[in-house]
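As a plain string of letters, each chain reads:
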2 protein chains.
Amino acid sequence: MNHIELLKSLSKETPSKIIYFVMDGVGGLPTPESELTELEAANTPNLDKLAYNSSLGLSIPIFPGITPGSGPGHLAIFGYDPLEHQIGRGALSAAGVGFQQGDDDIAARINFCTIDSNGNVTDRRAGRIATDICDNLCKKISETVKLDGVKFFIQAEKEHRAMVVFRGKGLSDKLTDTDPQKTGVPPKAVKAMEPEADKAAAVINDFLAKVKETLKEEHPANMMLLRGFASKPVIPQFQDVYKLNPLAVAVYPMYKGLAHLVGMNVLQGLNNLDDQMDALRKHWNDYDFFFVHFKYTDSRGEDGDFAKKVQMIEEADKYIPQLLDLNPDCLIVTGDHSTPAVMKSHSWHGVPFLLFSQYARRDKSEAFNESTCAKGSLGNFEAKYALSLAMAHAMKLEKFGA
Amino acid sequence: MNHIELLKSLSKETPSKIIYFVMDGVGGLPTPESELTELEAANTPNLDKLAYNSSLGLSIPIFPGITPGSGPGHLAIFGYDPLEHQIGRGALSAAGVGFQQGDDDIAARINFCTIDSNGNVTDRRAGRIATDICDNLCKKISETVKLDGVKFFIQAEKEHRAMVVFRGKGLSDKLTDTDPQKTGVPPKAVKAMEPEADKAAAVINDFLAKVKETLKEEHPANMMLLRGFASKPVIPQFQDVYKLNPLAVAVYPMYKGLAHLVGMNVLQGLNNLDDQMDALRKHWNDYDFFFVHFKYTDSRGEDGDFAKKVQMIEEADKYIPQLLDLNPDCLIVTGDHSTPAVMKSHSWHGVPFLLFSQYARRDKSEAFNESTCAKGSLGNFEAKYALSLAMAHAMKLEKFGA
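All of these numbers come straight from a predicted model, not from anything done at the bench.

Conventions adopted
Within every chain, residues take consecutive numbers counted from 1 along the sequence as written. Labels are handed out in written order, letters beginning with A for the chains and numbers beginning with 1 for the ligands. The predicted nature of this model means local features are confined to residues of pLDDT at least 70 and side-chain atom pairs, given and counted, to a pLDDT of 80 or more, with totals for whole chains, interfaces and linings taken over all residues. Helix and strand labels come from DSSP, where a helix needs a run of H or I of at least four residues and a strand needs a run of E of at least two; each type is numbered from the N terminus. Burial is judged by counting the other C-beta atoms within 10 Å of a residue's own C-beta: 20 or more makes it buried, 12 or fewer makes it exposed, and any count in between marks it as partly exposed, with every C-beta position built from the backbone. Distance between backbone-placed C-beta atoms decides contact: two residues are in contact if it is within 7 Å. Charged means Asp, Glu, Lys or Arg here, nonpolar means Ala, Val, Leu, Ile, Met, Phe, Trp, Tyr, Cys or Pro, and polar covers whatever is left, Gly included. Least squares is the method for superposing the copies, and the C-alpha atoms it fits come from residues with pLDDT of at least 70 in both. Strands are labelled as partners when DSSP assigns at least two bridges between them. Confidence of the prediction at every residue is given by pLDDT, a number between 0 and 100. Domain boundaries shown here were taken from an automatic or database domain assignment. Only the stretch in contact is used when fitting a helix axis, every axis being a line fitted to C-alpha atoms; angles between N-to-C directions are given from 0 to 180 degrees. To sort the angles, those under 35 degrees are grouped as roughly parallel, those over 145 as roughly antiparallel, those from 65 to 115 as roughly perpendicular, and the leftovers as oblique. What the arc covers is the set of directions going from the helix axis to the C-beta atoms.

1. Examining the overall build of chain A
So, point 1. Of regular secondary structure, chain A possesses 15 helices and 13 strands.
So, point 2. When its C-alpha atoms are laid out on the principal axes, chain A stretches across 70 × 55 × 40 Å.
So, point 3. The proportion of buried residues among the 402 residues of chain A is 53%.
So, point 4. Restricting the contact set of chain A to residue pairs at least 6 apart, pairs at least 24 apart contribute 72%.

2. Side note on the interface of chain B and chain A
So, point 1. Listed per partner, the contact involves 27 residues of chain B and 21 residues of chain A.
So, point 2. Among the secondary structure elements, those contributing two or more residues to the side of chain B that touches chain A are α4 (70-77), α5 (89-96), α14 (370-374) and β13 (379-382) of chain B.
So, point 3. Residue classes in the side of chain B that touches chain A are distributed as 14 nonpolar, 10 polar and three charged.

3. A short note on the relation of the copies chain B and chain A
Both copies of the chain are related by a screw-like operation: a rotation about an axis and a shift along it.
So, point 1. Placing chain B over chain A gives an RMSD of 0.2 Å and needs a rotation angle of 125 degrees, together with 0.3 Å of translation along the axis. Such a turn and shift between the copies fits a three-fold axis.
So, point 2. Looking at chain B, a mere 7% of its interface residues are interface residues in chain A too, so the copies touch through different faces.

4. A look at the sheet that holds strand β2 (residues 55-60) of chain A
All names here are of chain A.
So, point 1. Pairing in this open sheet of eight strands is mixed, and the strands run β9-β8-β10-β1-β11-β12-β2-β13 from one edge to the other. The sheet is open, and its two borders are formed by β9 (265-266) and β13 (379-382), each paired with just one other strand.
So, point 2. With five bridges connecting them, β2 and strand β12 (residues 351-356) associate as antiparallel partners. Counterpart to S59 in the pairing with β12 is V351.

5. Digging into the confidence of the model for chain A
So, point 1. When pLDDT is averaged across chain A, the result is 96; 100% of the residues are at 70 or more.
So, point 2. Interface predicted TM-score (ipTM) for the complex: 0.90; the corresponding pTM is 0.91.

6. Focus on the domain arrangement of chain A
All names here are of chain A.
So, point 1. As assigned here, chain A comprises domain 1 (10-87 + 235-393) and domain 2 (92-231).
So, point 2. Each partner contributes to the interface: domain 1 provides nine residues, whereas domain 2 provides eight residues.
So, point 3. With seven residues, helix α9 (residues 253-261) is the single largest residue contributor to the side of domain 1 that touches domain 2.
So, point 4. A class-by-class count of the residues in the side of domain 1 that touches domain 2 yields five nonpolar, three polar and one charged.

7. Thoughts on the packing of helix α11 (residues 296-303) of chain A against helix α12 (residues 306-317) of chain A
Residue and element names in this part refer to chain A.
So, point 1. Remark: α11 packs on α12, axes separated minimally by 8 Å, with the N-to-C direction vectors making an angle of 175 degrees. Here α12 runs roughly antiparallel to α11, going by the angle between their axes. Taking contact as the criterion, the partners of Y296, T297, R300, G301 and D303 in α11 are, on α12, K308, K309, M312, I313 and A316.
So, point 2. When the residues that make up the contact of α11 with α12 are grouped by side-chain class, the tally is four nonpolar, two polar and four charged.

8. Details of unusual backbone geometry
So, point 1. Residue H219 of chain A is joined to P220 of chain A through a cis peptide bond whose omega torsion reads 0 degrees.
So, point 2. If you trace the backbone, P220 of chain A turns up in the loop between α7 (198-214) and β7 (223-231).
So, point 3. Here the phi dihedral of N327 of chain A falls at roughly 60 degrees; this positive angle occurs in a residue that is not glycine.
So, point 4. For N327 of chain A, the position within the fold is in the loop between α13 (320-325) and β11 (330-334).
So, point 5. Since 9 C-beta atoms lie within 10 Å of it, N327 of chain A is described here as exposed.
So, point 6. Even without glycine at this site, E35 of chain B takes up a positive phi of about 65 degrees.
So, point 7. Looking at where E35 of chain B falls in the secondary structure, it is placed in the loop between β1 (18-23) and α2 (38-41).

9. What about the pairing of strand β3 (residues 105-115) of chain B?
If a strand is regular, its side chains alternate between the two faces of the sheet.
Residue and element names in this part refer to chain B.
So, point 1. Burial analysis of β3 places 11 of its 11 residues in the buried class, the great majority of the element.
So, point 2. With burial as the criterion, each face of β3 is covered, one bearing D105, A107, R109, N111, C113 and I115 and the other bearing I106, A108, I110, F112 and T114.
So, point 3. Inspection of the sheet shows β3 paired to strand β6 (residues 161-167) by seven bridges, in the antiparallel sense. Its bridge partner lying in β6, R109 is registered against M163.

10. Comments concerning helix α9 (residues 253-261) of chain B
All names here are of chain B.
So, point 1. Across the nine residues of α9, seven count as buried, placing the element largely inside the fold.
So, point 2. Residues of α9 that are buried make contact with α4, α5, β8 (246-249), β9 (265-266) and β10 (289-294).
So, point 3. G263, located one to two residues past α9, shows a positive phi value of around 105 degrees.

11. Notes on helix α1 (residues 3-10) of chain A
Structural remark: α-helix, 3.6 residues per turn; residues separated by three or four positions point the same way.
Residues and elements named next belong to chain A.
So, point 1. Within α1, the full set of buried residues consists of H3, I4, L7 and L10. Taken down its axis, α1 places every buried residue within 130 degrees of arc, on the same side. For α1, exposure combined with an orientation more than 90 degrees from the buried face picks out E5 and S9.

12. Some details on the environment of E157 of chain B
Residues and elements named next belong to chain B.
So, point 1. Relative to the assigned elements, E157 resides in the loop between β5 (151-156) and β6.
So, point 2. Sequence spacing of E157 and G96 is 61 residues, and the spatial spacing of their C-alpha atoms is 8.0 Å.
So, point 3. In contact with E157, not counting residues within four places along its chain, are S93, G96, V97, A162 and M163.

Structure representation (structure tokens):
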């Protein structure tokens, strides 16, 4: 019996409420000058006060040393083993633009590329075209290309990257990529890896021929490469496993997409924490699990802008009282991974984790940061246990065994 | 290779001795008023002094957030993965009354119930009859009902609950429950889930018909429901896996029963810690592992009586010098789970764990409680590793690999 099966057998519906406040990439590293991490440098009176009355720990997204992307990082804090539940590249692209993939949908990642007059790839990234150009190409393809009995949805991501979803009965995702992984050769044709995928291969090769025709006058992006064909990932749903009725209160498409994949209801049209707090208050009585996502701690970390990341942490801190005013039975404040500004990237470092509840042991820590969390009573733990901790503290789990 | 297989390959018989002093449900939570847990509020000079010279940690019975029953809680500290080795309801009932289930025995949980003149269940718990009435019913059935070629043992537990064991060659436990889980319908017949269980099903249906006849004049408990048919659980035995010769020095039937299931010799007739200490001294030379169980920390926690739980901790503390006088090579003081008085129930919180041995790192903690254990050098660890830690410190494990 794995941990998800156990949770399914023990979970019960209750009126109690859980808030996850995810400060993306919140964990950091000190600068050589200051010896303080972003959290340590930030002025966070609300989080610090909360830390005194909470249990702290460091959550390890995958296992020690492994840096997660946003997909596995979030799956883990949503209670899933991120090695067991992997999201295909195409499905992650769909999630990333907030596309809610259905059961008849196959998603793929697009890279616009350049081909020469012989049809050979000369640049697998089409000179990293600007996002607005990518957007225009997607619109053109969307308006021009028609497929027989299959719908498609195409949407720009960033620069030369986009995603496409093919919708039709009987489409299998057991398909090979078209990216040749080198220049001087033509894009590969899509091949079925099993007979059931013959239909999908034929449809997508037809699509690619029509795309080639549509883009023939464009430059440098006059063709596309497809990879990571993926049906909607089969992830046990929040309602089914945890008996939770969850609401995602996020701004960015990627996080709304990930929330959709695990079964959350996803609010649209929120632009900032003020909107998110309003939405929480408005929908407080209708749900029992609230995923509140704050992106900018990660963004400024990725930029390598230590001072701005500090500022974003301070910004997030201001909203803690509004979360507490809702009187949640359990409030978790954490990240999906660390993003130290000095690294300009996600990292493997343990993620500061705070759990506030009337049933939480109080660590009486003076602050919320990497050092206090490292000494916290929850210790270092696998992020996939964050949700069982939250459910336990909200009294949503039965006893195991007699 | 799982951890039990590894331990089996590394364990060796030595003259060194281990004591487990299990203070059931010892971990707690602060009251809102005092901010101190039961352990923090208790005056425990002996444990505190021992803590200074010991390694401390918090043991996690199952995984973060999961509250264990006594069965999985003890299996874990006895070194077993509690998710892998689950004890069926019937076997746990047998253990709970201290019945030592043999290889030809199938145990089941009894709930006495009320049926009407049509044979339909009107109360699945027979109005929660008093335990002495339950006891009388069990005796009446035991004296009256005779089965063909199969012996049975029936024993009251608490209120309407009892356990029954059927002993005979070729009895399979692949049987369905008779509890209809609702009223207004008759109890179900026992059904064989595989052909090998046909004999057992016939025997038990015959038993139930005779019980019905025997109880027809009783009220409100005029019938019984059976569930959780279970052969003796197959749990690797202490002698075989760990090469230990273990003795259980416990008062309550449940813990004697659990100790029996893992292969311990079980002393009978002990009534309190004085008896238990005498027994330890008397049998010190005959065994190398001693499981000393103290129930009342859990009992008073379950009662929600914070002050009494504190008192029970102080009571247990007085016996630490007697344990040390025996000069064990390794002494563990811990619980099988937490039972915070403020929750009046078992909980998922990490369990204070103390390991004393000449080979233990000294944490130099000033006290033995949740906070000091959270900061201890053993960190948060899965309870199933408690036994390998004990064996290591008693020099009972070979090196792994060269």
